[in-house]
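Summary of structural features
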Amino acid sequence: MNEQNSYKSVIFAGGGSRCFWQGGFWQAAASALGLAPTAVAGVSAGASTACHIFAGEIEAAMEYYHAAHTYRAKYARPGRNPFLPDPTGLKVYREALESVLEGEPFQRLKQGPDLRIFMSRPPGWAKSALGVGLGYLGYGLDKSLGDPVHHRYARKLGFQPMVGHASECTTVKDLADLVVASSCLPPMVPWCTWSGCKVVDGGILDNAPLELMGLHETPVLVLLTRRYPAEELKGRPGVTYAQPSRDLAISKWEKANPDLVRESYEQGLRDGELFAKHGPEALY
């Protein structure tokens, strides 16, 4: 059995609405390769996608989001600034978890692989949206000056990792709270707490946190949501990166275009088939 058929763990990177691609990719690749990881990590919207996948409800989640985007396309204000607080968008995000995963799906998720959800704990001085903005500036510096795949600048500013486990959530509401905390970017998403600590989007620290996987949990498959130069995706033993074969038409902040929801998912299906047949470099 080659590495491509024997991934012990998988990481779902964040990326907002681009994470619909991950759902399609996993449906195609996991089925073709018989993937059955024992450990899973998710960041921000990637954590939400992972929850739906390992609860066995990714198709139901896609139907939910398609309907929600259809409704918002009809009633959303044109030209709305995506960086302003959006209570209806947060409501859709939370309800996609609570409504789709209630009951048996939630139990399936808890009995599945160990799902770790990654958050960033800001330093004491970062108690306002300005402080989080500096963390996000560090994220931007990594994209342009540092390691664009795995970040380091926010850590230098004092942000620290924090991890929650889906298996420890006693209700679907607890799980939704955890995923929202991993996705928290004030002021767009109000401040969140987890285990008594103020937390923000895990992607500020690392959008694909390899640190959550131990040596015994390699090889690991990392599902990215944007394209990177091929040279950035090679040279890490035991780590395979899968990325969209071309730039996704959907934006990270898209909330009102149902056609792009389905298109992103279907591109994921095609890319998952490519990956299964020809390996990761077919996507580079």
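In this report, we go over the structure that sits alongside the text. Every value quoted in this text rests on a predicted model; they were computed, and no experiment measured them.

Thresholds applied
Residues numbered from 1 in each chain as written. Predicted model: local features only at pLDDT ≥ 70, side-chain atom pairs only at ≥ 80, totals over all residues. Heavy atoms only, no water. Buried < 20%, exposed > 50% of the residue type's maximum accessible area, 1.4 Å probe, protein only. Helix = DSSP H or I, 4+ residues; strand = E, 2+ residues; numbered from the N terminus. Pairing = 2+ DSSP bridges. Axes fitted to C-alpha atoms, helices over the stretch in contact; angles between N-to-C directions. Parallel < 35°, antiparallel > 145°, perpendicular 65-115°, else oblique. Contact = heavy atoms within 4.5 Å. Phe/Tyr/Trp six-rings, centres within 6.5 Å; stacked < 30°, edge-to-face > 60°. Lys NZ or Arg CZ within 6 Å of the ring centre and 35° of its normal. Left-handed = near helix turned anticlockwise from the far one by under 90°. Nonpolar A, V, L, I, M, F, W, Y, C, P; charged D, E, K, R; others polar. Salt bridge = Lys/Arg side-chain N within 4 Å of Asp/Glu carboxyl O.

With that settled, consider the pairing of strand β3 (residues 114-121). Along β3, six of the eight residues are buried, which leaves the element largely enclosed by surrounding structure. With five bridges connecting them, strand β2 (residues 39-43) and β3 associate as parallel partners. In the strand pairing of β3, valine 43 is matched with phenylalanine 118. Bridge count between β3 and strand β4 (residues 160-165): six bridges; the pairing is antiparallel. Counted as the bridge partner of serine 120 is proline 161 from β4.

Moving on to the packing of helix α2 (residues 45-54) against helix α3 (residues 58-75). Running from N to C, α2 and α3 point in directions that differ by 130 degrees, and their axes come no closer than 7 Å. The angle between α2 and α3 falls in the class oblique. Contact residues: Ser48, Thr49, His52 and Ile53 in α2; Ile58, Ala61 and Tyr65 in α3.

Side chains three or four residues apart in an α-helix point the same way, a direct result of the helix having 3.6 residues per turn. Counting buried positions along helix α8 (residues 172-182) gives eight out of eleven residues, so the element sits mostly inside the fold. For α8, the complete set of buried residues consists of Val172, Leu175, Ala176, Leu178, Val179, Val180, Ala181 and Ser182.

Before going further, it helps to spend a moment on the packing of aromatic side chains. Across all of its chains, the model carries seven aromatic pairs by this definition. For the ring pair tyrosine 64 and tyrosine 65, a centre distance of 6.0 Å and an interplane angle of 90 degrees mean the geometry is edge-to-face. Every member of this aromatic cluster is reached through a ring pair, and the members are Phe12, Trp26 and Phe54. In this structure, lysine 198 packs its charged tip against the face of tryptophan 191, placed 4.4 Å from the ring centre.

Turning our eyes to something else, we now look at the packing of helix α1 (residues 20-33) against α3. In the contact formed by α1 and α3, the axes pass within 11 Å of each other and the chain directions differ by 150 degrees. Taken as axis vectors, α1 and α3 run roughly antiparallel relative to one another. At the point where α1 passes α3, the crossing takes the left-handed sense. Between α1, through Phe20, Gly23 and Gln27, and α3, the contact on the second element is made entirely by Ile58, Glu59, Met62, Tyr65 and His69. When grouped by side-chain class, the residues that make up the contact of α1 with α3 number four nonpolar, three polar and one charged.

Applying the stated criterion across every chain yields a total of ten salt bridges. Glutamate 104 is the salt-bridge partner of arginine 108, the closest N and O atoms lying 3.9 Å from each other. Pair noted here: arginine 108 and glutamate 104 are both in helix α5 (residues 104-111), with a separation of four residues, about one helical turn. Arginine 108 sits in the partly exposed class, given a relative accessible area of 34%. Arginine 116 is the salt-bridge partner of aspartate 114, the closest N and O atoms lying 2.9 Å from each other. Beyond isolated ion pairs, a larger network of salt bridges with shared partners links Arg94, Glu98, Lys173 and Asp177.

What follows is about the pairing of strand β7 (residues 220-223). Of the two faces of β7, the one lined by Val220 and Val222 and the one lined by Leu221 and Leu223 are each fully buried. Here four bridges tie strand β1 (residues 9-12) to β7, and the two strands are oriented parallel to one another. If you follow phenylalanine 12 over to β7, its bridge partner there is leucine 223. Alignment of β7 against strand β8 (residues 239-242), held across four bridges, turns out to be parallel.

On their own, these measurements won't tell you what the molecule is for.
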